Amino acid sequence: MIWPVTICHCIDSNSPFYEMTAEDFITEKFELVSILEGSIESTGMTTQARSSYLNGEITWGHRFQRLVTFQRQTGLYRIDFSRFHNTFSVDTPRCSASHLDDLRKRASVPALSVVSSTPDTGDDFQVARGATIDLCEKNKTEEENKVVLIN
């Protein structure tokens, strides 16, 4: 039996996407090539699935909808292929992972809330505990992207 598998790429300091922002994914020219290889259990033959994605085909801050659900009544898994291309939006910072790591290091205590003042409007906003920090903007100065911790 084959179980559903989700393959993820962790964006850390070793990732080629570590320095890329949401804007970079739109403006930069690149192609992401994925190759999945496995063997057919009954024959031992190797099989490969290949695909490539241009930067315009990658959607920032989205996840695929779940295709596989477990049916308790029958004890079987159901795959809904009508959802194959469907995505939904998730709360994702628009800055690079590198910039987000820098913000987290400066905060050093992740349990505290974060307050930021936007220079354009002067409005203050508070990011709830556990929420992502979405105040990273590529063309702003350090002062404009300042993060202030409160108790």
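1. A short note on the pairing of strand S4 (residues 68-71)
Argument step 1. Bridge count for S4 against strand S5 (residues 76-79) is 4 bridges, and the pairing is antiparallel. Bridge pairing in S5 links Val68 to Ile79.
Argument step 2. What sits between S4 and S5 in their antiparallel hairpin is a turn of 4 residues, with Gly75 showing a positive phi close to 75 degrees.

2. A look at a nonpolar patch on the surface
Argument step 1. A cluster of nonpolar side chains, contributed by Ile79, Phe81 and Phe84, occupies part of the molecular surface with about 330 Å² of accessible area.
Argument step 2. Assignment of secondary structure puts Phe81 in the loop between S5 and strand S6 (87-89).

3. Some details on the confidence of the model for the chain
Argument step 1. For the chain, mean pLDDT is 75; residues scoring 70 or higher make up 68% of the total.
Argument step 2. A low-confidence stretch, residues 109-151 stays under pLDDT 50, and its non-local contacts, those more than four residues away or across chains, total 67 contacts.

Each value, and the rule that gives it
Residues numbered from 1 in each chain as written. Predicted model: local features only at pLDDT ≥ 70, side-chain atom pairs only at ≥ 80, totals over all residues. Heavy atoms only, no water. Pairing = 2+ DSSP bridges. Helix = DSSP H or I, 4+ residues; strand = E, 2+ residues; numbered from the N terminus. Patch = residues over 30% accessible without salt bridge, like charges linked within 9 Å, V, L, I, M, F, W, Y side chains within 5 Å. Areas by Shrake-Rupley, 256 points an atom, 1.4 Å probe, with all protein chains shown as cover. Salt bridge = Lys/Arg side-chain N within 4 Å of Asp/Glu carboxyl O. pLDDT = per-residue confidence, 0-100. Contact = heavy atoms within 4.5 Å.

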